[in-house]
Amino acid sequence: MRRKVVAGNWKMHGSRAMARELVGQILAASPGGPEIILCPPSVYISEVVRLCEGSALMVGAQDLAERDGSGAFTGDVSADMLHDVGARWVLVGHSERREYHAETNDMLARKFDSAQKSGLTPILCVGETLAEREAGRVEEVIGEQIHAVIRANGIATFENAVLAYEPVWAIGTGKVATPAQAQEVHAFIRSQLAREDANIAGLTRVLYGGSVKPANAAELFAQPDVDGGLIGGASLAASDFLAICAAAR
Ligand code: 13P
């Protein structure tokens, strides 16, 4: 059995006051069931870690530097630093990083490796654009996003990683993939891992992200290869996020 995961990606939203209120509301409900990860903007990680102390809630970063260690890389935040302030997870290759920061599959394979070396669990985000879907290239695009990481780091690195399928056309658009569309791609993702190692494929959690809301979460999470969700907009409202967590029980 793969334990479900619900991760909230706050993106570039929030403030210290918002973090205190949102985390307070989530803690007050003491949600049980899935593993729950909050990914605030990096400047608020310390604050959220402090707020979550002593609870089962975990904290993740939204991105990390491509390079290990320290050095003259102005503006970058290393995996070691994220771990030092209490993050234990990190999103790698969110489509907004791929699009607005030109992050390539090779670059992301290095970030994935750097995260693991520092004790962070990477959540590798993959997904196709609408144009790629319409051109029938879903498997080609996602296959390459996964295999770039496997080629660089080996299949065994997926023993300590999570995948997230986020169709770009469903992110922040209110246009959610149907449960059948999600299941089809999730099964494909698992088949790509299984080509290398069936055991790892069976154990790796694959989350769905893209307009997950309380009203559609249960149906998505009921699919056999959907192991939880990566939630954007709905992770900013405690009641929505808690309802989604409840759907992942
Ligand atoms: P939305 O849930 O707002 O569509 O965002 C999904 C996402 O990108 C989470 O990483």
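Residues numbered from 1 in each chain as written. Predicted model: local features only at pLDDT ≥ 70, side-chain atom pairs only at ≥ 80, totals over all residues. Heavy atoms only, no water.

Asks: Looking at this structure, how should I read the packing of helix H5 (residues 105-117) against helix H7 (residues 138-153)?
Replies: Two packed helices can be described by the angle between their axes and the distance between those axes. The geometry of H5 relative to H7 is characterised by a closest axis approach of 9 Å and an angle of 55° between their N-to-C directions. Taken together, H5 and H7 sit at an angle that is classed as oblique. At the point where H5 passes H7, the crossing takes the right-handed sense. Of H7, the residues touching H5 (which contributes Asn105, Ala109, Phe112 and Asp113) are Glu144, Gln145, Ala148, Val149, Ala152 and Asn153. By residue class, the composition of the contact of H5 with H7 is five nonpolar, three polar and two charged. (Axes fitted to C-alpha atoms, helices over the stretch in contact; angles between N-to-C directions. Helix = DSSP H or I, 4+ residues; strand = E, 2+ residues; numbered from the N terminus. Parallel < 35°, antiparallel > 145°, perpendicular 65-115°, else oblique. Left-handed = near helix turned anticlockwise from the far one by under 90°. Contact = heavy atoms within 4.5 Å. Nonpolar A, V, L, I, M, F, W, Y, C, P; charged D, E, K, R; others polar.)

Asks: Could you clarify how one ought to interpret the pattern of salt bridges in this entry?
Replies: A side chain with one charge may pair with a side chain of the opposite charge, provided their charged atoms come close. This structure, assessed with the given rule, holds 19 salt bridges. Residues aspartate 225 and arginine 2 are paired through a salt bridge, measuring 4.0 Å at the closest nitrogen-oxygen approach. You can see aspartate 225 sitting in the loop between helix H10 (214-221) and strand S8 (228-231) and its partner arginine 2 sitting in the segment before strand S1 (5-9), a full 223 residues away along the chain. Across the pair, exposure class does not vary: aspartate 225 and arginine 2 are buried alike. Of the charged contacts in the structure, one is a salt bridge between glutamate 103 and arginine 97, with a shortest N-O distance of 3.1 Å. In this structure glutamate 103 comes out as buried when scored by relative accessible area, which is 7%. For arginine 97, a relative accessible area of 22% translates into the label partly exposed. (Salt bridge = Lys/Arg side-chain N within 4 Å of Asp/Glu carboxyl O. Buried < 20%, exposed > 50% of the residue type's maximum accessible area, 1.4 Å probe, protein only.)

Asks: Could you clarify how one ought to interpret unusual backbone geometry in this entry?
Replies: You will see that alanine 102, though not glycine, has its phi angle at about 50°, which is positive. By secondary structure assignment, the location of alanine 102 is in the loop between helix H4 (95-100) and H5. Even without glycine at this site, serine 211 takes up a positive phi of about 55°. Relative to the helices and strands, serine 211 is located in the loop between strand S7 (206-209) and H10. Classification of serine 211 as buried rests on a relative accessible area of 10%.

Asks: What should I look at first to understand the site of the ligand in this one?
Replies: Within the structure, the ligand sits among 13 residues, and Lys11, His94, Gly172, Ser211 and Gly233 are positioned closest to it. Glycine 172 is positioned such that a nitrogen or oxygen atom in its backbone is 2.6 Å from an oxygen atom of the ligand. A distance of 2.7 Å separates an oxygen atom of the ligand from a polar backbone atom of serine 211. When the ligand sits alone it has 300 Å² of accessible area, and the protein chains cover 97% of it. Classifying every residue of the shell around the ligand by side-chain character gives four nonpolar, seven polar and two charged. (Near = heavy atom within 4 Å. Polar contact = N/O pair within 3.5 Å; in protein donor to acceptor, adjacent residues only side chain to side chain. Areas by Shrake-Rupley, 256 points an atom, 1.4 Å probe, with all protein chains shown as cover.)

Asks: Help me out: how do you make sense of the pairing of S7 in this one?
Replies: Successive residues of a regular strand alternate their side chains across the two faces of the sheet. Alternating positions in S7 separate into two faces, Val206 and Tyr208 on one and Leu207 and Gly209 on the other, with burial throughout. By the bridge criterion, three bridges tie strand S6 (residues 162-165) to S7 in an arrangement that is parallel. When the sheet's bridge partners are listed, alanine 164 is paired in S7 with leucine 207. This β-α-β element, S7 to H10 to S8, shows right-handed connectivity. (Pairing = 2+ DSSP bridges. Right-handed = clockwise from strand over helix to strand, strands pointing away.)

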